[in-house]
Structure formats: C-alpha cells, structure tokens
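Residue-level structural notes
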Amino acid sequence: GMFVGKTLTDGEKVIIIDDVMTSGKALRESMPKLKAAADVDVTGMVITVDRMEKGTSELSAVQEVKRDFNVTVYPIVNMLDIISAIESGIVPGKEYLDKMYEYRSTYGV
C-alpha cells in the first residue's frame with residue numbers, strides 16, 4: 001500500500017517527482033521507505049519549484065539533499081526565477097514582490 005503502480009526491486013534506478021521543496025522533509029521521509037521496500041538507487045529528484053529556503057543548516061534544502069543523500073534536485077523554476085518574471089512583467093504579481101523579498105531575506109539562502 002505504500003507505493004502505487006510498481007513493485008520496487010533491488011538495483012532499480014528511481015527518480016522522485018515532487019511539487020515543491022521547502023525544507024526537504026518529504027525526501028527525508030521518503031528515502032527510508034524507499035530503501036525499506038528495495039535497495040533502489042535514487043538518481044535524482046525533479047521538483048516544480050525550489051523555494052531556495054534554508055534547510056536545517058545554512059545550506060538550502062536542495063543543497064542538503066545533495067550532501068546527505070547524494071541526490072541531485074532538478075527544479076523547473078526557483079524563487080529567483082519567479083521574482084524575476086514578476087519584476088519584468090512576464091507574469092502578474094507585482095503587489096506581492098515586497099512580501100517575496102521579505103521572505104527571501106528571512107528564510108532564503
């Protein structure tokens with residue numbers, strides 16, 4: 001019941017897909033479950049948004065995942081991409097920029 005659609009087997013290569021990475025908690029919780037199911041090789045993780053937020057240290061959550069699990073995270077966009085797109089008028093949301101800058105200053109790396 002833990003995994004749907006595929007029974008994992010030892011030696012398989014796995015890519016994790018997730019919507020957003022904030023603290024890295026989802027991967028930290030998933031890795032032991034994956035390894036308990038089979039001795040898989042997690043070769044990467046694709047996320048839609050990297051919030052570029054500090055993890056449990058001064059590193060970003062993405063950097064900690066690389067350090068702790070040797071898993072490279074491939075974001076489609078990151079927080080700076082979104083801010084830049086708003087600043088340049090590619091996407092609406094200029095009314096949120098001040099809060100985004102404040103968020104980056106407080107939680108970002």
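From a predicted model like this one, the values you see are computed outputs, not experimental measurements.

1. Some details on the overall build of the protein chain
- A tally of regular secondary structure across the protein chain gives 4 helices and 3 strands.
- Expressed as lengths along the three principal axes of its C-alpha atoms, the size of the protein chain is roughly 50 × 30 × 20 Å.
- For the protein chain, with 109 residues in total, the buried portion stands at 32%.
- Relative to all contacts within the protein chain whose residues are 6 or more apart in sequence, the contacts with residues 24 or more apart total 73%.
- For the protein chain, the computed accessible surface area is about 6,900 Å², with 56% contributed by carbon and sulfur atoms.

2. Concerning the confidence of the model for the protein chain
- Taken as a whole, the protein chain shows an average pLDDT of 92; of its residues, 99% reach a score of 70 or greater.
- For the protein chain, per-element mean pLDDT is lowest for helix 1 (residues 25–37), which scores 89, and highest for helix 3 (residues 79–87), which scores 97.

3. Notes on the sheet that holds strand 1 (residues 13–21)
- The sheet built from 3 strands is open, its strands ordered 1-2-3 with parallel pairing. The two strands at the open ends of the sheet, each matched to only one other strand, are strand 1 and strand 3 (73–78). Across the sheet, the axes of successive neighbouring strands diverge by a mean angle of 15°, strand direction being ignored.
- As defined by bridge partners, strand 2 (residues 41–50) adjoins strand 3 across 5 bridges and the pair is classed as parallel. Directly across from Met45, in strand 3, lies its bridge partner Val73.
- Docked against the sheet, helix 1 engages strand 1 and strand 2, running at close to 155° with respect to strand 1.
- Taken strand by strand, helix 3 contacts strand 2 and strand 3, and its axis lies near 15° from that of strand 3.

The rules behind the values
Residues numbered from 1 in each chain as written. Predicted model: local features only at pLDDT ≥ 70, side-chain atom pairs only at ≥ 80, totals over all residues. Heavy atoms only, no water. Helix = DSSP H or I, 4+ residues; strand = E, 2+ residues; numbered from the N terminus. Buried < 20%, exposed > 50% of the residue type's maximum accessible area, 1.4 Å probe, protein only. Contact = heavy atoms within 4.5 Å. Areas by Shrake-Rupley, 256 points an atom, 1.4 Å probe, with all protein chains shown as cover. pLDDT = per-residue confidence, 0-100. Pairing = 2+ DSSP bridges. Axes fitted to C-alpha atoms, helices over the stretch in contact; angles between N-to-C directions.

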